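A look at the structure
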Amino acid sequence: MDSEKLLLRKPLIPSTESATTDGKHLEVSAKNIDLRSVIHLLEDPLTGNLKERHLFVLKKILKRNPNGFLLKDLKGLAKVFDVCAEKSNDDPAYLPFLREAIKLCRLPFLKERASDEPNYAQDVINFLSQIGYLMFLPCPDVKENIIACVRSFYQCLTPQQLPEGPQPTSEGYRLQLLEQSDLSQTLILSLASVEHRHDIKLQLLQALKLLSSSSDSNCGLMLRARGAESLCLHMKDGPVLFYSTEILWNLLEGSNKHEVVAQLSTIECLVSLKEAFLHLLLTAVHHSELSLRNDLIVLITLISENGNTFLIESLFAKLLISLSTFPELRPTNHLIQDLKLNYSHENLKMKKMLLNLLSLMSVDEAVLQLYKEENVLLSLLLLTKPPLASPRARSASHSWSLVQTQELRLKALLTLSSLAPLLLDEYMSYHGNTFVLQLMDWCIQEDDVPGQSGGFSGSGGDYKKTLMLFCVRLLTTVTSLGEEVVIEDLCDQGTISVLLGVLMQLETSSDDDDVVSLEIKSDIQLILSSLCDTDMNRKELFGSEGVEMVIHFLKKGGDRFYSGLGHNKLLLSTVDCVWSCIVGCYTTEDFFLAQEGVFRLLDLLRSSPKCVHGLVLATLLELCDNPNTESHLRSWVDRRGHTAPRVLLQMWRDKEAELGVQRNPEGCITDPKKPLRHKQQDDTQSQCLDGSSSAAILESMENLRSKIYLIFCAVGFHDLPGLSPEDYVTLSIVKRYLDFKVGEVWDEVSAELNHDNIRPITPDRESLETICKTLEDSAKKVMEEQRSILQRQEKEHLSQEQLMYSELKTDRKQQELAKKSWDDYVAKTSNYEVLKEVKARREKARVKTEDDGIHPVKHFVGQIMSVEPTGAEGPNGVKVSLARVTVQTSPNSDPEYFRPVSVKH
């Protein structure tokens, strides 16, 4: 049976004899060779040892494809490559075929039809993957040809059209399918196989750089094969290190950054990075080498962001920390004791990145001990020292330049802001506050140093303003801890007066749109709040100068709260400054009240957004402990004529509407069992049934209504100016706010008992029912009071309406009298008979008056002057004042004609 198969295959594969005797027959056979027969020849047990025939047929394959391989043949070629690679392990004679075949793969693949490209796409993907697998053959020539083949894919050459027959595939076809193959992964995995061949390894890295820089898909495939870790472990000096770093950057930019960092975070990779970095640190001279060294620091920075503890175990952290203190302090690490660095731009970048690395590594508490051993805070404080008043000329080769010093000073302050709170004892032992205050004093002083300027308005004002910002940030971080030793040290050095002076100087020298100045002002106010919060003596030191500063910023109001420039922070810090620096000290409180500080807070309450109302109300509430505050709260009136009680009651109504409290259109209570409850509070209560907290108490802590109630308790609930009936309705609720809250707490107690299936004993249950009933009756009384207020309002409206109609009626009567008088006058002037009749009546009236000796006086209603409610019911509840006109007839006057009279009041 096997012999019959062998006889059938012989005509398909020409013999060596026929090939050597008949050239024409060889050419025809080469064109008609079948790859399936070749594979069968190579794999069949009967022909598997026919080496010469194998090589002869393989040569025919190469000769048949001088212009490249057909797409339809790639599937069979991949199998041929696989079989030849397996046979080459025992017999290297098959390697020349692989080498030459891979050379042909540099040429574009050929297609016979336009549809061949999509139809054979999967065959191309498998073929490219098979080429990559050949990298594991122990043949340097094959490896070099594979690498050269991959690099040829990126030469961007337009395929040349052949005169006849199959044509090259379209441009980019192979690159597109290469991203779907395993070639990138295989090349990464083959790094270990070329470790002993430096030249091939360099070529491989160049190819990997092309792959990683051209496609994110290739980066993902490399990363899937742990390419970042492989590259890091095989780092060495020279070009290999350069290309490895470039590929790592491509992986960071083109794939999952977190996965790359995770692969580099192993202790083996960190040791490799440490050796590469130390080599560059000690030997780098050229710009490219210095830049490569800085790139490695960036990689370490990315690793340290995840809090990697292997940085300490690999001793890399100690090396970097010691290097960060150079040249301010002599390095203690023996590896860099003889280090000599110039003051170039690349070394400046390294210094700044090392300072940034100190902040990132500080998240690990174990690193803090290394900071103490290396005196990191001392080196940072030395960097912040201001220049001397008359500095000597220094050579640029022996020190940082002026610009470099400025950059390092800012970076050191920024690093101190993150490290000083963690190493507070070290900070205080090195007198860190003194360093910062000296630097702030230098920022505001006028000096004659070339290139520098005093204050914030000269040529160097922008730098000094930024420097002041960083100093203030540092003080903010150390004072926010609330450590008394830090606060006392600052106050002993006169920091309060210094900060007030800086604040007002900035206010006069900068505009309202300067973002840096706004941040400095708000931070200074926060520092002052931290310094004065708990000590009366420091509040007295804040004094009149501080009060005037606060009043100045309160007058600006909250109109620009949402400008996005920092006015919101400044406004909040100003109110906080009132709370911490003024409230509690009667001396500063009285001066604050004398400067109309309460008026300014109420103006701010009117102009600021809702998010500020809670802080302002809390500050006003604290000021209410001062007996002089009540008169200010009662006398304030806004631009619309609204008084402070009316504004507070309107805020109460707005808050209840926002919370969804049940009220009728007139603002009255609708449910006496839940006079203050709203849906959000009901939801909170359902979550608090375990007894851990009270929804009613939590709501009062976060809500404005409790603050408004307490302010009214301080001001009083009677004789409040400028209230409308609607305000009185709301005031009746505010007055009973505490009673209603107590009722809510008892309701919660009852609900918790029911939730836990607990039945109180009979006396307790009766007491609980009595309490709930009493509180419900209180709510009903408030409802009656509200109805009474509304009824009085309705009666007042009715009386005013009647009075208006009376006024209209009187006015109408006057119009009718005037018209009748005019008609009479016209009649007298137009009809002589009427004139004689009037004259006769006038004479008769005059004679009668003279006989009686009386001149009658008649009063007429002229104008309603005022209407005042008396509080009584019915018509007696309105007191009307009228202006009267007295008209006395004379002997020569006409009693039938009255002229209109104007009355002046």
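Residues numbered from 1 in each chain as written. Predicted model: local features only at pLDDT ≥ 70, side-chain atom pairs only at ≥ 80, totals over all residues. Heavy atoms only, no water.

Description of the packing of helix α21 (residues 316–324) against helix α23 (residues 365–373)
Inclusion rule: With axes taken as lines fitted to C-alpha atoms, and helix axes fitted only over the stretch in contact, angles between N-to-C directions fall between 0 and 180 degrees. Numbering goes from the N terminus for both helices and strands, where a helix is a DSSP run of H or I of at least four residues and a strand is a run of E of at least two. Working definition: roughly parallel below 35 degrees, roughly antiparallel above 145 degrees, roughly perpendicular at 65 to 115 degrees, and oblique for all remaining angles. Each crossing gets its hand from how the near helix is turned against the far one by less than a right angle, where anticlockwise is left-handed and clockwise is right-handed. Pairs of residues are marked as contacts when any of their non-hydrogen atoms sit within 4.5 Å. Asp, Glu, Lys and Arg are counted as charged, while Ala, Val, Leu, Ile, Met, Phe, Trp, Tyr, Cys and Pro are counted as nonpolar; the rest, among them Gly, fall into the polar class.
Remark: α21 packs on α23, axes separated minimally by 10 Å, with the N-to-C direction vectors making an angle of 40 degrees. In terms of axis orientation, α21 runs oblique to α23. Note that α21 runs across α23; the crossing there is right-handed. Contacts between α21 and α23 pair Ala317, Lys318 and Ile321 from the former with Val367, Leu370, Tyr371 and Glu373 from the latter. Partitioning the contact of α21 with α23 into residue classes produces 5 nonpolar, no polar and 2 charged.

A word on the packing of aromatic side chains
Rule in force here: Each pair of aromatic rings taken from Phe, Tyr and Trp, with Trp reduced to its six-membered ring, is defined by centres within 6.5 Å and is described as stacked if the planes are under 30 degrees apart, edge-to-face if over 60, and tilted in the remaining cases. Using a 1.4 Å probe on the protein chains alone, a residue whose accessible area is under 20% of its type maximum counts as buried, one over 50% counts as exposed, and one in between counts as partly exposed. Charge-over-ring contacts are defined here by two conditions on Lys NZ or Arg CZ: a distance within 6 Å of the ring centre and an angle within 35 degrees of the ring normal.
Taken as a whole, this structure holds 12 aromatic pairs when the rule is applied. Taken together, a centroid distance of 6.0 Å and an interplanar angle of 15 degrees make the contact between Phe712 and Phe717 stacked. Each ring, one from Trp822 and one from Tyr825, has its centre 5.8 Å from the other, and the planes form 35 degrees; the classification is tilted. Of the two residues, Trp822 and Tyr825 both sit in helix α44 (residues 762–830), 3 residues apart, roughly one turn of that helix. Taking the relative accessible area as the measure of exposure, Tyr825 reaches 35% and is therefore partly exposed. Through successive ring pairs, a cluster of aromatic residues spans Trp652, Tyr709, Phe712, Phe717 and Tyr737. Directly above the ring of Trp442 sits Arg409, whose terminal nitrogen or CZ lies 5.7 Å from the centroid.

Quick word on the confidence of the model for the protein
Selection criterion: Note: pLDDT gives the predictor's confidence per residue, expressed from 0 to 100.
Model confidence for the protein is summarised by a mean pLDDT of 82, while 84% of its residues fall at 70 or above. The low-confidence segment residues 857–862 (pLDDT under 50) makes 20 contacts with residues lying over four places distant or belonging to another chain. The model gives residues 884–905 a pLDDT under 50, and that stretch makes 36 contacts with residues more than four places away or in other chains.

Here's the deal with the environment of Leu424
As for its placement among the helices and strands, Leu424 is situated in helix α26 (residues 424–429). Considered as a pair, Leu424 and Leu481 are 57 residues apart in the sequence and their alpha carbons are 9.7 Å apart. What Leu424 contacts, discounting residues up to four positions off in sequence, is Leu481, Glu483 and Val486.

Looking at the side chain of Lys274
What counts, and what does not: Positive residues here are Lys and Arg, negative ones are Asp and Glu, while His and the chain termini are left out of the count. Salt bridge, as applied in this entry: a Lys or Arg side-chain nitrogen positioned within 4 Å of an Asp or Glu carboxyl oxygen.
You can see Lys274 is positioned in helix α18 (residues 267–283). No salt bridge forms around the buried Lys274; measuring N to O, its nearest opposite-charge neighbour Glu275 is 7.5 Å away. Sequence-distant contacts of Lys274, defined by excluding residues within four places in its chain, comprise Ser314, Leu315, Phe316 and Leu319.

Regarding α23
Three or four residues apart is the spacing at which side chains of an α-helix point the same way, because the helix has 3.6 residues per turn. The condition that has to hold: The arc under discussion is defined with respect to the helix axis, by the directions toward the C-beta atoms. Contacts described as polar in this section are N or O atom pairs within 3.5 Å, which, within protein, must combine one atom able to donate a hydrogen with one able to accept it, while residues neighboring in sequence count only if both atoms come from side chains.
Buried residues of α23: Val367, Leu368, Leu370 and Tyr371, and no others. Viewed along the axis of α23, the buried residues span an arc of 160 degrees, placing them on a single side of the element. Buried positions along α23 lie against α20 (310–313), α21, α22 (345–361), α24 (376–383) and α25 (402–419). Of the residues flanking the start of α23, the one acting as N-cap is Asp364, its side-chain oxygen 3.2 Å from the backbone nitrogen of Ala366. Phi turns positive, to about 55 degrees, at Asn375, one or two residues after α23.

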